[in-house]
Every structure is written in C-alpha cells, then in structure tokens.
Amino acid sequence: MMQLYFAPMEGVTGYIYRNAHYQFFGGIDKYYMPFVSPSPHRHFTPRQLRDIAPAQNVAVPALPQLMTKNAEDFIWAANELEQMGYREVNLNLGCPSGTVVSKGKGAGFLADPEGLDRFFEKVFSSVRVPISVKTRVGIHKVSEFSRLMLVYNRYPIAELTIHPRLQKDFYKGAVRKHVFVDAFAQSKNPICYNGDLVTEADITQLANEFPTVGSVMLGRGLIADPSLAARAQGKPAADRNTLYAFHKSIYEQYTEAFGNKRNAMLRMKEIWFYHINLFDNNEKYGKNLRKTSDPRDFEAAMAAIYQDLPLRENAVPGWFRPAEDI
Ligand SMILES: Cc1cc2nc3c(=O)[nH]c(=O)nc-3n(C[C@H](O)[C@H](O)[C@H](O)COP(=O)(O)O)c2cc1C
C-alpha cells in the first residue's frame, strides 16, 4: 500500500486539527505542517513555535515545512528543527500567493532555476536532516518543468511531492497529469503525487496508474471527508456522530486556544468550506452556516447539518473559488 500524507494547509491543518484527526481517524503516515518562514533573526516566533514545537506534536507523525529562498536561513532553521527531533524537513516551492511569489519564494522560486540550484548546493552540503520538496510544475508554462527537473535530479531529495499545476493556475482547473507522467519517468528521487484526490476511487486509480509511486498527499478532499485516508486502507467510513464529535472537539479546542468563540467560529468556517461537500442537499444549510456571525447561531447551524442532511458516500468537490480569494 502506498503511504498517505496529509497536505499542509495554512489556516486549517494546525496542531489542533492534526492531533484531533490522528486521534479520531488516523490512516495517515505523515502530516505536513503549514509553512513557516524562517527570519534572519535566528529564532522562531512564539506564534511559529505554537505549531512546530515538538510538545504539540508528540502524539502525531508530523513534519515541518519551511518557505524561504535564502539558503542560510533555511540551513539555520533545518538544523534547529533537527535539534528539536524532526527527521525530515520540507521545502515549500508551491505556494502561489501573489505576495509570496513577488518575493521570489514558494512557487516564485521556480522562476529562477539557477538560484534554486545554488540554494540546494549550499543546503545539501550543510544539513544532515533529510530534505523533501513540495513543488508545482512551473510559473507560466509546463515547458518550464524539464529545466527544474534537471536541478532536482542533481540532489538527494528525500521525496519530491509534485502538485501538477502552474503557479498561475492557483488551485483551479484540471491538474496537468501529463507533466506528472513525464516528471515521474525522469525523477531520480522518490516521487509523491498531490492534487485533487477526493474519493477512494481517485486514490485507487492513481495507485493503479502509477504502481511505483510510493505516496500520495491529500488536502482538500481529506478536510471534506476526514475518514478518506482510513477508508482508502479498508476501514469503514466515519458516521455522522463521529464526524460531529471530531468537529466539536476542534471547535472547543480552538475556543480555548484563541480565548473566544468568534475566532474559533471563523477558523471552523475554513473547515466547513470543504466539509459541507460531504452532505447532500447542502445548499441552504451551507449558506446558513456561512452567514452566521454569532457563535450560538453557528453552533446551531452545525448541529442542524449533522442532524438533517444525508451523508454522501464521497465528497463532491465544490471548492473551486476564484484565484484572488486564496
Ligand atoms: C487553504 C490552503 C492552504 C494551503 N497551505 C499550504 C501550505 O502551508 N504549504 C503547502 O505546501 N501547501 C499549502 N496548500 C496546498 C496544499 O497542500 C495542496 O498542495 C493543494 O491543496 C492541492 O492538493 P489537494 O487537491 O489534495 O487539496 C494550501 C492549500 C489551501 C487550499
């Protein structure tokens, strides 16, 4: 069986979500933490430490992700994370956000293959901890990827996760599967597939298509249906009571962590943006939940969904929002 990874999702898969998910559903071999940007000041901020501190992650196989184009900052942070006990550090070369890309970070780094080569040269000669990479296939054109692949192939990347979209695609449109096919054939490093796997059948089909792919990473589909990975391993689908208990537990922990229900509710709405797609006839209930501004109304809207709406066998992806929203 392929390994199943939980994709990093800023604003969604923080330590509270990861711990609760692992406890309630499992089925995940590795949880990738949302990115941390190391600063030149040589310390992690209290906010960053809230998520990456080993104490928050003892019970879960979670791994940190860094986003920077500065080799010295990366080396410092990776060594620090190794000291904390992490056995792998991931580099983010996929974030498509305008503010990130304009600084040449995330997917923006893909515009500079020579710079990326120099970055890896320094990093791989100075760190001991295994480095994995999560990448898109280019900025504007898929033809950019062959040059990037030559760079990746020069280094012992522990695992290269490919999300076969361009930076300009953001999270929309069909994945560019043919680029993944070529990349998989050319890579000297182990490959992980990521993108738009939403049903058990999607996962099985990918495994059949690429029998030697060692792992897949699941993001939005797994937020929509938190038992997706467990189901892919032959376990039963979660029932509505378990789903409700899971999300209630997260809501309570958010309330405790943020000190108020309002912020907890706003965070929960990020989850519901995906999770609502696991229910039939969700339009009216979903709209009602979205427009609540009082936490008590939100709690009632959440309870009503679990009480009234039929669960789908698989989520139907309804989360394609305009690029400027992400
Ligand atoms: C709200 C949101 C936040 C994300 N945050 C991160 C992140 O911090 N690091 C990262 O590498 N990818 C991030 N991603 C990308 C996901 O990890 C994943 O590559 C993408 O959603 C495609 O996979 P999926 O179709 O299975 O969701 C984010 C995506 C979304 C929608």
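Residues numbered from 1 in each chain as written. Predicted model: local features only at pLDDT ≥ 70, side-chain atom pairs only at ≥ 80, totals over all residues. Heavy atoms only, no water.

Summarise the packing of helix 5 (residues 113-126) against helix 6 (residues 145-152); cite the residues concerned and give the values.
Where helix 5 contacts helix 6, the two axes come as close as 10 Å, and the packing angle between them is 15°. In this view, helix 5 runs roughly parallel relative to helix 6, as classed from their interaxial angle. For the crossing formed where helix 5 meets helix 6, the hand is right-handed. Contacts between helix 5 and helix 6 pair Pro113, Glu114, Leu116, Asp117 and Phe120 from the former with Arg147, Leu148, Val151 and Tyr152 from the latter. (Axes fitted to C-alpha atoms, helices over the stretch in contact; angles between N-to-C directions. Helix = DSSP H or I, 4+ residues; strand = E, 2+ residues; numbered from the N terminus. Parallel < 35°, antiparallel > 145°, perpendicular 65-115°, else oblique. Left-handed = near helix turned anticlockwise from the far one by under 90°. Contact = heavy atoms within 4.5 Å.)

Quick one: what's the story with the domain arrangement of the chain, residue by residue and with numbers?
The domain boundaries assigned to the chain delineate domain 1 (3-232) and domain 2 (240-308). A separation of 28 Å is found between the C-alpha centroids of domain 1 and domain 2. With 15 residues of domain 1 at the interface, the matching set in domain 2 holds 16 residues. Across the domain 1/domain 2 interface, buried area totals approximately 1400 Å², and carbon plus sulfur atoms make up 78% of it. Three residues, Ile16, Phe24 and Ala224, lead the burial of domain 1 against domain 2; their summed loss comes to 36% of the area buried on that side. The interface formed by domain 1 and domain 2 includes 0 salt bridges. Along the contact surface separating domain 1 from domain 2 lie 1 residue pair in polar contact (both at pLDDT 80 or more). Secondary-structure elements contributing two or more residues to the side of domain 1 that touches domain 2 are helix 1 (15-24) and helix 9 (220-224). Counting residues per element, the side of domain 1 that touches domain 2 draws most heavily on helix 1, which supplies 6 residues. (Domains from an automatic or database assignment. Buried area = accessible area lost by both parts, 1.4 Å probe. Salt bridge = Lys/Arg side-chain N within 4 Å of Asp/Glu carboxyl O. Polar contact = N/O pair within 3.5 Å; in protein donor to acceptor, adjacent residues only side chain to side chain.)

Just give me the short version of the packing of helix 12 (residues 261-275) against helix 14 (residues 295-308), but keep the residues and values in it.
The N-to-C vectors of helix 12 and helix 14 enclose an angle of 30°; their axes lie 10 Å apart at closest approach. Taken as axis vectors, helix 12 and helix 14 run roughly parallel relative to one another. The chirality of how helix 12 crosses helix 14 is left-handed. Of the residues in helix 14, those touching helix 12 at Lys261, Arg262, Met265, Met268, Lys269, Trp272 and His275 are Pro295, Phe298, Glu299, Met302, Ile305 and Tyr306.

Describe the sheet that holds strand 2 (residues 30-32), with residues and values.
Across the sheet, which stays open at both edges, the 9 strands sit in the order 3-2-1-9-8-7-6-5-4 with parallel pairing between neighbours. In this open sheet, the two strands that pair with only one neighbour each are strand 3 (62-63) and strand 4 (65-66). Strand direction decides the pairing type here: strand 1 (residues 3-6) and strand 2, joined by 2 bridges, are parallel. Looking at strand 2, one finds that Tyr5 is bridged to Lys30. In the packing of helix 1 onto the sheet, the strands contacted are strand 1, strand 2 and strand 3, and the crossing angle to strand 2 comes to about 160°. (Pairing = 2+ DSSP bridges.)

Can you tell me about the pairing of strand 5 (residues 89-93), naming the residues and giving the values?
With 5 of its 5 residues buried, strand 5 lies for the most part within the structure. Here strand 4 pairs with strand 5 via 2 bridges, running parallel. For Gln65, the partnering residue across the bridge sits in strand 5 and is Asn90. For the crossover from strand 4 across helix 3 (residues 71-84) to strand 5, the handedness is right-handed. For strand 5 and strand 6 (residues 131-135), the ladder comprises 5 bridges, and the chain directions are parallel. (Buried < 20%, exposed > 50% of the residue type's maximum accessible area, 1.4 Å probe, protein only. Right-handed = clockwise from strand over helix to strand, strands pointing away.)

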